[in-house]
Amino acid sequence: MQPAIHKDLDSYQFPQQKVLCEKKPFSHELLHSLLEIVYTVNPPFTGYLKIAGDECSLLFLFFFNGAPYAAGRYADSKPLGYSIQDLGRNLAKSAKESMTVTLCETDPVLLKSMLLFLQEEPAVKAPPFLLDFEYIVRQIGEVGTNAMIALCRDKQINFFFFREGKGALAHYADLTFERPEGMTFEEEMMLYAFQPGDKVQAYIFRDMITPMSEDTNQLDKDSLYKLLTVGYLKDRRSSDEEITPKSDGNPKRRRREDREILPAPAIGGIEALVRALRPKPKLPSVALTVESGPLQGERFTVMLPCTIGRKDCDLILDDRLVSRRHAELKIVENKLAIVDLLSTNGTRVNGKIITMSRLIPNDLISIGPINLRISPA
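These numbers were taken from a predicted model, which means no experiment stands behind them. (Residues numbered from 1 in each chain as written. Predicted model: local features only at pLDDT ≥ 70, side-chain atom pairs only at ≥ 80, totals over all residues. Heavy atoms only, no water.)

(A) Structural context of helix α4 (residues 108–119). For α4, spanning 12 residues, the distance from its first C-alpha to its last is 16 Å, which sits close to the expected 16 Å at 1.5 Å a residue. With 10 of 12 residues buried, α4 lies mostly within the body of the structure. Taken together, the buried positions of α4 are Val109, Leu110, Leu111, Lys112, Ser113, Met114, Leu115, Leu116, Phe117 and Leu118. At the N-terminal end of α4, a side-chain oxygen is found 3.0 Å from the backbone nitrogen of Val109, two or three residues along, and the residue is Asp107. (Helix = DSSP H or I, 4+ residues; strand = E, 2+ residues; numbered from the N terminus. Expected span 1.5 Å × (residues − 1). Buried < 20%, exposed > 50% of the residue type's maximum accessible area, 1.4 Å probe, protein only. Polar contact = N/O pair within 3.5 Å; in protein donor to acceptor, adjacent residues only side chain to side chain.)

(B) Local environment of the sheet that holds strand β12 (residues 285–290). Strand order in this open sheet of 11 strands is β10-β9-β8-β11-β7-β13-β12-β22-β21-β18-β19, and the pairing throughout is antiparallel. Each having just a single partner strand, β10 (166–171) and β19 (352–354) make up the two edges of the open sheet. If you compare each strand with its neighbour and ignore which way they point, the axes differ by 25° on average. Sheet topology places strand β7 (residues 124–126) next to strand β11 (residues 200–205); 3 bridges connect them, and they run antiparallel. (Pairing = 2+ DSSP bridges. Axes fitted to C-alpha atoms, helices over the stretch in contact; angles between N-to-C directions.)

(C) Representation of the sheet that holds strand β14 (residues 306–309) within the structure. What the 5 strands build is an open sheet, ordered β15-β14-β16-β17-β20; its pairing is mixed. Edge positions in the sheet fall to β15 (315–316) and β20 (356–358), since each of these pairs with one other strand and no more. Note that β14 and β15 share 2 bridges and pair parallel. By the bridge assignment for β15, Gly309 is matched with Ile316.

(D) Fine view of the packing of aromatic side chains. In this structure the tally under the stated criterion is 17 aromatic pairs. Both rings, one in Phe14 and one in Phe117, keep their centres 6.0 Å apart while their planes meet at 70°; by these two values the pair is edge-to-face. Placement of Phe14 in the loop between α1 (4–9) and β1 (18–25) and of Phe117 in helix α4 is noted, with a sequence separation of 103 residues between them. Taken individually, Phe14 and Phe117 each receive the classification buried, so the pair is uniform in this respect. Taking the centre distance of 5.9 Å and the plane angle of 10° together, the rings of Phe60 and Phe62 count as stacked. The class of Phe60 is buried, set by a relative accessible area of 0%. (Phe/Tyr/Trp six-rings, centres within 6.5 Å; stacked < 30°, edge-to-face > 60°.)

(E) Fine view of the pattern of salt bridges. Under the counting rule described, the total for this entry stands at 11 salt bridges. Of the charged contacts in the structure, one is a salt bridge between Lys18 and Glu105, with a shortest N-O distance of 3.9 Å. Of this pair, Lys18 sits in strand β1 while Glu105 sits in strand β6 (residues 100–105), and the two are 87 residues apart along the sequence. With a shortest N-O distance of 3.0 Å, Asp312 and Arg138 are connected by a salt bridge. Residue Asp312 is located in the loop between β14 and β15, and its partner Arg138 is located in helix α5 (residues 133–143); the two are separated by 174 residues in the primary sequence. (Salt bridge = Lys/Arg side-chain N within 4 Å of Asp/Glu carboxyl O.)

(F) Focus on unusual backbone geometry. Here the residue pair Asn42 and Pro43 is connected by a cis peptide bond, since its omega of 5° sits within 30 degrees of zero. Of note, the bond from Leu304 into Pro305 is cis; its omega dihedral lies within 30 degrees of zero at 0°. You can see Pro305 is positioned in the loop between β13 (299–303) and β14. Although it is not a glycine, Asn65 adopts a positive phi angle of roughly 50°. Relative to the helices and strands, Asn65 is located in the loop between β3 (57–64) and β4 (67–75). Taking the relative accessible area as the measure of exposure, Asn65 reaches 36% and is therefore partly exposed. Unusually for a residue other than glycine, Asp154 sits at a positive phi of about 50°. Counting through the fold element by element, Asp154 comes out in the loop between β8 (147–153) and β9 (156–163).

So this is what it looks like as structure tokens:
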């Protein structure tokens, strides 16, 4: 009998396409045979290996064109930054028969969508009723770049991909949803977002930029198998001295380990997927908790700058006392600030009406009858 926590973790569902192995009990023999498929199938394998277990949450290892690309982890109802080495160390430490293994082949768009969800901060994370989807879709279209919206309902995570500003592909984990005929892509997405039943959480990603894991390399099958079963590889320049997962506190040794335990980086097919990637600064974000009104208790994150209002804004507060474009959260001289956008009823911070005010954690913003508490994202 499998532990209840394992069943709960595996209840989080991501879209699947061609399933090559589904929820089989974990073993080193099974892992070896699945890696054999990944490295030998033709055309080259693009997809993910998912491992669910009572101590390791959900672990993902992504492949593109037959080569390891990145890793991901989903735990405590949220994605966590993860490297391929982290995955190997965690898996080697926690592997047991009660875990299950799934191997899925995907198209590149689904692969990118899952990577984005697991690796990057969304521009906005909030329930759909706090968002103006028509405005968001119009913004995506005006910019004309690739973007993605994820909608999570009842632990099922569904992806809606925009190609060059236009709705293109939907990938559903929720197989109970009957896709209607005759609707546009945007209408179908909004139908799903606002259907009755379980509450939906929306994640807005304004681009499709995902980095390869810093430790991604052209591992052959045997090297990757060893990393996933032992948790480390040998330093090939130190007479086979073993580099263990534990750091000895020496920064120079740490950098050498990161650089040398794996072979040269993979280029080839992966470059076709990431050739447009450039290093980008991490955009600031902030968390807001609703402390009054019908939305009391809701907590969401927004990327800055963020407009707040009744319509045509990043964050929608549907109340007659809130102006169409009421206020904006932004960075001013490297500090978080809120600016009133000439609203009819004004904006308050800690009870005082403002035109612009610097903000610190725990400040209370009042917009109409709605109070929003500031905290770090």
